[in-house]
Amino acid sequence: MDEDDKGAGRGSLILGGAARNVSVAMVSTIVVFSTLALVVVNSAGWAKVKTTFFNPHQFHTYAWPVAHAFVLNIKIAVVAELVILVLALALAVLRSLPGPVFFPIRAMAIVYTDLFRGVPTILLVYLFGFGVPALALSHVPNSPTYLATVALIMVYTAYVSEVYRSGIESVHPSQDAAARSLGLSRWQAMKTVILPQAVRRVIPPLLNDFIGLQKDTALISVLGVVEALQQANLASEAEFNYTPYVIAGLFFVAITIPQARLTDWLINRDRGRQMAGGRM
Amino acid sequence: MTPALVCEKVHKSFGKLNVLNGIDLSLDEHEVVCLIGASGSGKSTLLRCINLLEPIDSGRITVAGRTVTARGVDVNEVRKGIGIVFQAFNLFPHMSVLKNVTLAPRKVMGMSRSDAEHEAMRLLEQFGLADKRDEYPDRLSGGQQQRVAIVRALATKPQLMLFDEVTSALDPELVAEVLGVIRGLAHGGMTMLIATHEMGFARDVASRVCFLDAGVLLEQGPPEQFFSDPKEERTRQFLQRIIEAGRL
């Protein structure tokens, strides 16, 4: 196998890349999707479904308000992701500390992960959103947006720390031995040798969790915060029409696609750099 | 003269398995000692214990007059003075050759980037690897990778070099280039402890050959005597098997 094959193979949709393969792929795609479309459009209830879910007038009226509310989902997701990246990494590193001295720290990290990965996210959003204000603490903000974001951070930190940990454990112990044998401290070996390799390997599952988090920002609607889903809810109740939900759904899908392509690109770039001589 | 390395009654076990059963071994400065013995005889474990990658159960290891197995010794300081090269190269795959070599000088010795790179280039040139400075390990042949690993170990200016079967993972035609590098170091006066299966090489470069059997240093002597007239029955059996395999 030559180098070009290695580079093009795994990341691209169409393997091989020959013109004939492309046309075969196109024809089969067109056939499959036209058949599906015909089945749906010719079904008995299509006319009704079309007006309640795919109403152009509703699209026109509510696309902008839902988009406006969706900005809050994005803000929450971005803030939460930045905090999670740091907290989860710290948690994963703590959990990988060796030796009996660090047992209490490891134990606490394990309890945290078990607890927050196990509890349903919506339950934690309720607990924080209604429970914390009920405590009437003086210096803790009572804004439901803030409290729900904290709940999401706690849950997803547990998930993401497991992703990091699997990455750390996937780096062969001989790498640590090589680093330590050169005189690097445990922390230096972790920082310069183990983590850079671990993080590269976990970018795809990390993105997976972040897409999950972005969708779960919709859970904040249960606290009455007007984000995309809640906005769609209000519109739908006013109009007796489900089109606003479809709009909200489209926005959620729309932001995940570029992220998926970005991950593909990052992985390919990394592979290319390590395989192809490293001139950036 | 203070010996470069002294191992006294070194014991090491993994669970119930006794890997090292009281090793006594001493290396003078500029001495090149080859450790031979079957797989599992404890060669690798001894090297890892000297480099403090494995804690010993009892006994004492002294490097250049300093007891390194004592409590409270700064292991990173000790390791800086001892270079080790592994069978599987263990280069850092996410770093270029130059980064691999300059990592320890920068992080451990506190050298500036330009000084470290200057020094690294001098070493890479010496070993014919200067044109590989920006390559990543995956792109190099096994022999080149192992030579880079040797350069990386030399970059902290160690007084003692340990080699753990460094040619065992190489294709036969690549063995010579790596052994050549070690030969060069021997001529340069480097103190070295070399675990190897390459008997011809051991006969050539070693000032002394040690035979390790089931965690015991069974026999040692100058290579001429060791290979032609071994004293112990176990040594004779081992060498016989090596000859039958066509490796001597």
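Before reading on, note that the structure itself is shown above.
Residues numbered from 1 in each chain as written. Chains lettered and ligands numbered in written order. Predicted model: local features only at pLDDT ≥ 70, side-chain atom pairs only at ≥ 80, totals over all residues.

A tally of helices and strands in chain A yields 12 helices and 0 strands. Shown N-terminal to C-terminal, the secondary structure of chain A runs as helices and strands in the order α-α-α-α-α-α-α-α-α-α-α-α. By residue count, 28% of the 280 residues in chain A fall in the buried class. In chain A, the proportion of contacts linking residues at least 24 apart, taken out of those at least 6 apart, comes to 73%. (Helix = DSSP H or I, 4+ residues; strand = E, 2+ residues; numbered from the N terminus. Buried ≥ 20, exposed ≤ 12 C-beta atoms within 10 Å, placed from the backbone. Contact = placed C-beta atoms within 7 Å.)

Next up on the list: the overall build of chain B. Helix and strand counts for chain B stand at 9 helices and 10 strands. Dimensions of chain B, computed from C-alpha atoms along their principal axes, come out at roughly 55 × 45 × 35 Å. Each of the 248 residues in chain B was classed as buried or not, and the buried ones make up 48%.

Attention now moves to the interface of chain B and chain A. The partner chain A presents 21 residues to the 23 residues of chain B that form the contact. Listing elements by their share of the side of chain B that touches chain A, those giving two or more residues are helix H2 (75-80) and helix H3 (97-107) of chain B. Of the residues assigned to the side of chain B that touches chain A, the class counts are 10 nonpolar, 6 polar and 7 charged. (Nonpolar A, V, L, I, M, F, W, Y, C, P; charged D, E, K, R; others polar.)

What follows deals with the pairing of strand S2 (residues 17-27) of chain B. Residues and elements named next belong to chain B. Here 8 bridges tie strand S1 (residues 5-14) to S2, and the two strands are oriented antiparallel to one another. Residue pairing for S2: Leu5 is matched across the bridge by Leu27. In sequence, S1 turns back onto S2 through a hairpin of 2 residues, with Gly15 there showing a positive phi of about 65°. (Pairing = 2+ DSSP bridges.)

Moving on, we get to the sheet that holds strand S9 (residues 208-213) of chain B. Residue and element names in this part refer to chain B. The strand order S6-S7-S8-S3-S9-S10 describes an open sheet built from 6 strands, whose pairing is mixed. The open sheet has two edge strands, strand S6 (82-85) and strand S10 (216-221), and neither has a second partner. The sheet shows a mean angle of 20° between the axes of neighbouring strands, direction not considered. Against the sheet, helix H6 (residues 172-187) makes contact with strand S3 (32-36), strand S7 (160-164) and strand S8 (191-195), and its axis sits at roughly 150° relative to S8, the strand it touches most. (Axes fitted to C-alpha atoms, helices over the stretch in contact; angles between N-to-C directions.)

Mapped onto the secondary structure, A:Phe240 falls in the loop between helix H11 (228-239) and helix H12 (243-275). Linking A:Phe240 and A:Ile255, residues 15 residues apart in sequence, is a C-alpha distance of 27 Å.

So, on to the sheet that holds S2(B). Residues and elements named next belong to chain B. The 4 strands lie next to each other as S2-S1-S4-S5, forming an open sheet whose pairing is antiparallel. Edge positions in the sheet fall to S2 and strand S5 (66-67), since each of these pairs with one other strand and no more. Across the sheet, helix H1 (residues 43-50) is in contact with S1, S2 and strand S4 (58-63); its angle to S2 comes to roughly 65°.

Turning to the packing of helix H4 (residues 56-95) of chain A against helix H5 (residues 103-118) of chain A, a few remarks are in order. Residue and element names in this part refer to chain A. At a minimum axis separation of 8 Å, H4 and H5 run at an interaxial angle of 130°. Taken as axis vectors, H4 and H5 run oblique relative to one another. In the packing of H4 onto H5, the handedness of the crossing is left-handed. Each of Leu91, Leu94 and Arg95 in H4 lies in contact with H5, whose residues at this interface are Ile105, Arg106, Ala109, Ile110 and Tyr112. Along the lines of polarity and charge, the residues of the contact of H4 with H5 split into 6 nonpolar, no polar and 2 charged. (Parallel < 35°, antiparallel > 145°, perpendicular 65-115°, else oblique. Left-handed = near helix turned anticlockwise from the far one by under 90°.)

All names here are of chain A. Taking 1.5 Å per residue, 16 residues should reach 22 Å; helix H9 (residues 186-201) reaches 21 Å between its end C-alpha atoms and fits that length. Its axis deflected by about 45° at Ile194, H9 carries its strongest bend there, up to four residues before the proline Pro196. Buried positions along H9 lie against H4, helix H7 (144-170) and helix H8 (173-181). (Expected span 1.5 Å × (residues − 1). Bend = angle between axes of the 7 residues up to and from the residue.)

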